[in-house]
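Each chain is listed here by its residues.
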Amino acid sequence: MPKKEKLDPETEALIQWCTEVEKFLVKGGATLDQAQEHIEEQVEWFTDLFYDGLTPEEAAKQALH
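Residues numbered from 1 in each chain as written. Predicted model: local features only at pLDDT ≥ 70, side-chain atom pairs only at ≥ 80, totals over all residues. Heavy atoms only, no water.

1. Quick word on the packing of helix α1 (residues 9-27) against helix α4 (residues 56-64)
Taken N-terminus to C-terminus, the directions of α1 and α4 make an angle of 50 degrees; their axes are 8 Å apart at the nearest point. As judged from the angle between their axes, α1 and α4 are oblique. The hand of the α1/α4 crossing is right-handed. Only Pro 56, Glu 57, Ala 59, Ala 60, Ala 63 and Leu 64 of α4 make contact with α1, whose side of the interface consists of Trp 17, Glu 20, Val 21, Phe 24 and Leu 25. Split by residue class, the contact of α1 with α4 holds 9 nonpolar, no polar and 2 charged. (Axes fitted to C-alpha atoms, helices over the stretch in contact; angles between N-to-C directions. Helix = DSSP H or I, 4+ residues; strand = E, 2+ residues; numbered from the N terminus. Parallel < 35°, antiparallel > 145°, perpendicular 65-115°, else oblique. Left-handed = near helix turned anticlockwise from the far one by under 90°. Contact = heavy atoms within 4.5 Å. Nonpolar A, V, L, I, M, F, W, Y, C, P; charged D, E, K, R; others polar.)

2. What to know about the pattern of salt bridges
According to the stated counting rule, one finds 3 salt bridges in the structure shown. Where Glu 20 meets Lys 23, a salt bridge forms, and the shortest distance between an N and an O atom there is 3.2 Å. One end of the pair is Glu 20 and the other is Lys 23, both in helix α1 and 3 residues apart, which spans about a single turn. The exposure class of Lys 23 is partly exposed, given its relative accessible area of 48%. (Salt bridge = Lys/Arg side-chain N within 4 Å of Asp/Glu carboxyl O. Buried < 20%, exposed > 50% of the residue type's maximum accessible area, 1.4 Å probe, protein only.)

The structure is reproduced here in structure tokens:
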């Protein structure tokens with residue numbers, strides 16, 4: 001049975017951050033599927049926002065406008 005790959009702390013933080021962004025996108029009117037698809041399609045842009053220090057709420061607001 002293959003072992004589960006261990007992610008580095010930075011990658012784990014980015015994934016958690018995107019999960020929080022997803023929640024704010026849903027609050028803003030997107031469906032869960034739409035929010036997930038948008039994050040997947042724009043992963044580089046969201047990664048930049050993460051490293052720029054935006055909060056998940058700020059990132060979602062930019063994505064919704």
